[in-house]
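# Architecture and fold: a report
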Amino acid sequence: MAFTTPRLHPDTIEAVKQRVDIVDVVSDHVVLRKQGKDFVGLCPFHDDKSPSFSVSPSKQFYYCFSCGAGGNAIKFLMELGKRPFSEVVLDLARRYQVPVKTVEPAQHQEFQRQLSLREQLYEVLALTTQFYAHALHQSQGAAALNYLTRSRRLTAETIQQFQLGYAPGGWQTLYGYLVEQKRFPVELVEQAGLIVPRQGGSGYYDRFRDRLMIPIHDLQGRVIGFGGRTLSDEQPKYLNSPETELFDKGKTLFALDKARTAIAKQDRAIVVEGYFDAIALHAAGVTNVVASLGTALSLAQVKLLLRYSESKQVIFNFDADAAGQKAADRAIGELEALAYRGEVQLRILNLPAGKDPDEFLKTHTTADYQALVEAAPLWLDWQIQNLLHHKDLEQPDQFQQATQAIAELLGKLPNPALRTHYIHQCAGLLSQGSARLAVQLEQDLRTQVRGQRWHGRSQKWQTTGDRTLLEEAEAQLLRLYLHLPDYRATIRTELETHDLEFSLSHHRFLWQHILTLEATHASSAQATLPATDLIPLLQDCLSDQPDRLHQLYPLFQLEEKTKRDLLRAPLVIRAAIACMERVFCEKRRRHFLELWQSTDWAAEPALAQHYQQQVYLENQRIAVLDREQRLTTFADLAQLPWIGEFYQELEQ
C-alpha cells in the first residue's frame, strides 16, 4: 500500500514556518557565500553562470535576480523537487523536530471551518480598531487624546501609525456596534476577546471600557488583540486581550511588524517592557524596538527575534525599579542556556535615575539614548555588578556571599578562555584595588569555579583505568546500536534516563553523525534504519576523514567475541551504562576530594562542608551502582560460557 502524506494540522504548518531556517535548507542544495547580511550562490532553477541567487536570513526569503524564482523555504523545496506542499512540510517538521498533528478526513470540514473563523476574527478586530480610532477623536475620547498628545507627547502621525484609539465607557457600546449594528454573531465577538458574558448568563458586556486602546499586530500587520490602558484609577492599569484563536501572548511581541526591518538592518533588537516605551522610541527614530506585552519574555519570543539579527544581539531595556529588575531576571533565566553557549549576545541597558525609555526621551535626545545602547554591558558583566551592588566587601559574611555567588555564575561558562577572563576581572573587583590580594583571590576564585564545574570534561580528572573502562563501555553501546536496530530505542532511553553522553571525542563524533543520518532519513514507513543501511551511510560520511574512519572501523566490523556480545545485548547495555555512570561518579568524587583537601576549614567552613557532602553523595551513588546495577561486569561477560546453538544461529 502506497504511503499517503496525511493532511497536516494548521498549527503544525505554522510551527514549521516559524522553526525553519532558510539558509540551513538552501545550503543543502546550493553552495552559499556570505555577502553582507545575505548569502549568494548559483541559482538551482536555471543554468546560472554567475551568482544571481540571493538568500536573506532576516526575511527568510530567496530570490533569483536572473530568472525571478523566489519564495520561502517550503516553496524552495517544492519547486526544486517538484514535491507537494504537505510532503515538504512533513519532512521539515521531522528535520526541525516539530510535533506533527494531522487532520483526519472526518475532521477536515471542521478545520476548514476554523480557517474561515480566523478570517472572520481578523475582520471583527480590524473593524473594532477603526471603531476605537474614531472614538478617540470624538468628544468622549478627548481625555484619551489629551493624554496621548500632552502627557505622552505623541504626534498625529505616530497615533495613526500605531492605530491608537479609545474604548468608550459604556457597558455595551462596542457590543451594540458589532452585534446589533453590524450583525456579527455574538459568539464570534466573544471569541475575538472583545466582550465577556455576564455572570448568570444574562447577556454580555464590553471587555474594554474607558481605556486608551493599543492594537497588537501580527507579523503581517493584522490586528490580533489589544492592550488597554486605564484613564482612571481602575485596576489593572493595563488590560490585555485574552488568549484567542489569533492571539498567543507568549509568542507575540508588540511592534515586531514595524521593527523587524530595522532589526535586520542594524543587526540587533531592543526589548522594552511597556507599549509606550516602544511607541516613544519608534517616534524618536529608534525603530529596532519591540515590547514584551507586560509579561516575562519567553524563549519562543526571543527565538523569534533572533531570526532577524545575524549577530544574535538582543538588548533588554527594562525599567530599573523592582518590577523591572524582576522582569530582567526572569528573561535572563529563560535565555541563560543560550547566552552561556554564545547563541545570543545579550546586553542589559539600565537608564540613568531609574527612568524608563519614555521618561528618558522627554529630557534627552535620541542620540543620548543611542549612546547608552552602544555602551550597554553584556549580561554577565551586568549580573556581576548586581551581585556586588550594596555589598560591603569589608564584612566577611558579605564578602563570602559575593564570592560564592560569582563562582556559581562563572562556573556555568563553558568557554575556558572566557572563564579565565572573568575570574581575573572579578578578582580585581573583589580586591578593591589591592594588587597582592587580587593575585590570591584569583587563585581562590579559580578553585571555587572548578568546584562548580564538577561535571566538566577535563581529561586530567580521569585515570588511565577510567579511560579504558569508558572506551570499552562506549564502544559496546555504539556497536550494539549500529548492528541491532531493535535495541536502539533502549539505548537512547538508558542514556537519557541516566543523563549520560559519549565523552570520548571519536565516539561523540560518531554519535552525532548517527543522529543526523537518522533525522534525515526518518519516515513513517521506515522509522529505524537497518544496519545494512546505516553502516554504509556512516562510512560514506567518514570517507573524507581517514583518521576518524580508522578509529571507528572496529565498530563497523564484527569478530567472534563481538558477535557473541550482540546475542546478550540486554546484559551488555546494563553493564555499559552502569560502567559509564560509575566512571563519571568516580571522577566527580576525586575532584571534590581534592577541593575538600585544599580548602581552609577555619577560613571557609561552609565551603569545606559542601565539598565533604559532595564526596559523601558520590560514594553513596558508587556503592549503589556496585551493589545493584554492576551485577554483570565486562570481565564477567568475557568469561561467561556460551551455548553453541546461539552462536550458530547468529552465524546463519
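Structural notes, computed from the coordinates.

## A look at the pattern of salt bridges
By the definition in use, this model includes twelve salt bridges. The partner of R621 in a salt bridge is E581, and the shortest N-O contact between them spans 2.8 Å. Note that R621 is positioned in helix α27 (residues 605-629) and E581 in helix α26 (residues 569-598), a separation of 40 residues in sequence. The exposure class assigned to E581 is buried, which follows from its relative accessible area of 10%. As a salt-bridge pair, R588 and E618 come within 3.2 Å of each other at their nearest N and O atoms. Of this pair, R588 sits in helix α26 while E618 sits in helix α27; the two residues are 30 residues apart in sequence, bridging distant segments of the chain. Through salt bridges with shared partners, one network takes in E586, R589 and R590.

## As for the packing of aromatic side chains
Summed over the entire model, instances satisfying the criterion amount to 22 aromatic pairs. Seen in terms of ring centroids, F131 and Y177 are 4.7 Å apart; in terms of plane orientation they differ by 25°. Their pairing is stacked. Residue F131 is located in helix α5 (residues 105-136), and its partner Y177 is located in helix α8 (residues 173-181); the two are separated by 46 residues in the primary sequence. Of the residues examined, F131 reaches a relative accessible area of 15% and is grouped as buried. According to the relative accessible area criterion, Y177 is buried, its value standing at 17%. The structure contains a cluster of three or more aromatic residues connected by ring pairs, namely F45, F53, F61, Y62 and F76. The aromatic ring of F39 is capped on one face by K34, whose charged end is 5.3 Å from the ring centroid. Note that R209 overlies the ring of W171, its terminal NZ or CZ placed 4.1 Å from the centroid.

## Concerning the sheet that holds strand β11 (residues 211-217)
The four strands lie next to each other as β8-β11-β12-β13, forming an open sheet whose pairing is antiparallel. Two strands bound the open sheet, and with one partner strand each, they are β8 (165-167) and β13 (238-240). Adjacent strand axes in the sheet meet at a mean angle of 35°, parallel and antiparallel pairs treated alike. Relative to β13, strand β12 (residues 223-230) is paired through three bridges, and the arrangement is antiparallel. Paired with R229 across the strands is Y238, a residue of β13. Against the sheet, helix α11 (residues 275-283) engages β11, β12 and β13, with an angle of about 70° to β11.

Rules used in this analysis
For every chain, the first residue of its written sequence is number 1, and the numbers climb from 1 along that sequence. Reporting in this predicted model follows two pLDDT cut-offs: at least 70 for local features of residues, and 80 or more for side-chain atom pairs to be given and counted; totals over whole chains, interfaces and linings ignore these cut-offs and use all residues. Computation of side-chain values: all heavy atoms of the structure, hydrogens and water removed. One speaks of a salt bridge when a side-chain nitrogen belonging to Lys or Arg is within 4 Å of a carboxyl oxygen belonging to Asp or Glu. Going along the chain from the N terminus, every DSSP run of H or I of four or more residues is numbered as a helix, and every run of E of two or more is numbered as a strand. With a 1.4 Å probe rolled over the protein chains alone, any residue whose accessible area is under 20% of its type maximum counts as buried; one over 50% counts as exposed, and the rest are partly exposed. Only centres within 6.5 Å qualify two rings of Phe, Tyr or Trp (six-membered ring in Trp) as a pair; their planes then separate them into stacked at under 30 degrees, edge-to-face at over 60, and tilted for everything else. Two thresholds decide whether a charge sits over a ring: the Lys NZ or Arg CZ must be within 6 Å of the ring centre and within 35 degrees of the ring normal. We treat two strands as partners when DSSP finds at least two bridges between them. Here an angle of 0 to 180 degrees is reported between the N-to-C directions of two axes, which are lines fitted to C-alpha atoms, with helices fitted over the stretch in contact. Throughout, a residue-residue contact means that at least one pair of heavy atoms, one from each residue, lies within 4.5 Å.

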